[in-house]
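# Chain and residue survey
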Amino acid sequence: MTTKEQKEIFEHQMLLAKEKGSKPISQHSTYTIKDKTTPNLRKKFLEEIKKTKETGKERGFHLCIEKDGKLSAGNTCTGDECGISFQQPNLSCQERKVQGNFHTHPYLAEVRKLYNITFKGASDKLLSATVESFLKEKGFTPTMPSHKDAIDAILGKCANKVKGTTCIGTDLDMNKVECWTIKNMDDGDCIRALMEKITPKEEDGYQTLPHDWVRPLFDKEMIELKSTKKNYKFYI
Ligand SMILES: [Zn+2]
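The structure reproduced in this document is the subject of the present report. From a predicted model like this one, the values you see are computed outputs, not experimental measurements.

### Examining the pairing of strand S5 (residues 97-105)
By the criterion of burial, S5 is predominantly enclosed, with eight of the nine residues buried. Examined bridge by bridge, strand S2 (residues 59-65) and S5 share six bridges and lie antiparallel to one another. Within S5, the position partnered with Leu 63 by the bridge is Gly 100. Of the pairings in the sheet, the one linking S5 to strand S6 (residues 165-170) comprises six bridges and is parallel in character. Residue Gly 100 lies in a different strand from S6, and its bridge partner there is Thr 165.

Below, the structure written as structure tokens:
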């Protein structure tokens with residue numbers, strides 16, 4: 001299929017959705033993740049970030065909703081396993097409802113591995129600063145979800161499998177987890193996300209910046225792992 005054909009299909013689908021009248025799937029949720037995190041969950045975030053730094057592998061788990069509304073960690077998965085198990089949140093959270101998932105982006109470990117950086121002077125601090133400025137140039141902050149992460153949250157929500165949260169931790173910053181939760185979305189967004197998923201236009205790594213159209217769909221929060229008082233909500 002050519003790009004032109006893909007674009008035509010997409011535009012046709014968007015038009016159909018508009019004609020039917022897009023039904024809002026979620027609007028202005030007041031749900032916030034930071035209020036639902038427990039000290040145990042924050043400890044678990046930190047553990048997985050530390051393991052990512054040690055092993056260089058992505059790690060993650062589902063965020064399960066407990067009876068009291070607080071979030072807890074489902075089964076942990078590593079590397080390629082994550083792709084498979086994130087499709088089946090019910091296996092990880094069993095009978096509980098699923099908020100979304102948390103996973104790590106191993107930037108620092110990847111750079112060390114990719115360039116085999118073992119030379120003296122290549123301290124974590126120096127490398128982190130270098131990688132961070134590289135990300136900044138691309139418009140990224142270290143804990144920002146990728147476009148794929150955002151699309152997966154949207155599609156999970158469209159399929160009614162998850163509430164639509166994606167939380168990211170990174171070995172560049174051991175103290176923060178950033179969570180994006182869908183606040184408003186309609187079925188036109190579901191179609192657009194689906195079209196992108198089945199006809200990916202670019203390399204879908206974790207270094208693809210969230211596209212402009214997905215950003216306003218999410219509520220964004222930063223969770224401080226070592227302190228409960230400094231948690232704040234921010235908007236981009
Ligand atoms: Zn990711």
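### Let's talk about the packing of helix H7 (residues 147-158) against helix H8 (residues 187-198)
Interaxial distance between H7 and H8 falls to 9 Å at its minimum, and their mutual angle equals 125°. In terms of orientation, H7 lies oblique with respect to H8. As H7 runs across H8, the sense of the crossing is left-handed. Contacts from Ile 151, Ile 154, Leu 155 and Cys 158 of H7 reach H8 at Asp 189, Cys 190, Ala 193, Leu 194, Glu 196 and Lys 197.

### Re the nonpolar core
If you look at the biggest cluster of nonpolar residues, it comprises 33 residues, and the most contacted ones within it are Ala 150, Ile 154, Cys 167 and Val 177. Of all the elements in the fold, those that place two or more residues in this core are helix H2 (39-55), S2, strand S3 (71-73), S5, H7, S6, strand S7 (173-182) and strand S9 (218-224).

### Examining H2
Its 17 residues place the ends of H2 24 Å apart at the C-alpha level, agreeing with the 24 Å of an ideal helix rising 1.5 Å per residue. On its buried face, H2 sits against S2, S3, S5, helix H5 (107-114), S6 and S7. Phi for Gly 56, located one or two positions after H2, is positive at around 75°.

Cut-offs used in this document
Residues numbered from 1 in each chain as written. Predicted model: local features only at pLDDT ≥ 70, side-chain atom pairs only at ≥ 80, totals over all residues. Buried ≥ 20, exposed ≤ 12 C-beta atoms within 10 Å, placed from the backbone. Helix = DSSP H or I, 4+ residues; strand = E, 2+ residues; numbered from the N terminus. Pairing = 2+ DSSP bridges. Axes fitted to C-alpha atoms, helices over the stretch in contact; angles between N-to-C directions. Parallel < 35°, antiparallel > 145°, perpendicular 65-115°, else oblique. Left-handed = near helix turned anticlockwise from the far one by under 90°. Contact = placed C-beta atoms within 7 Å. Core = buried A, V, L, I, M, F, W, Y, C linked by C-beta atoms within 7 Å. Expected span 1.5 Å × (residues − 1).

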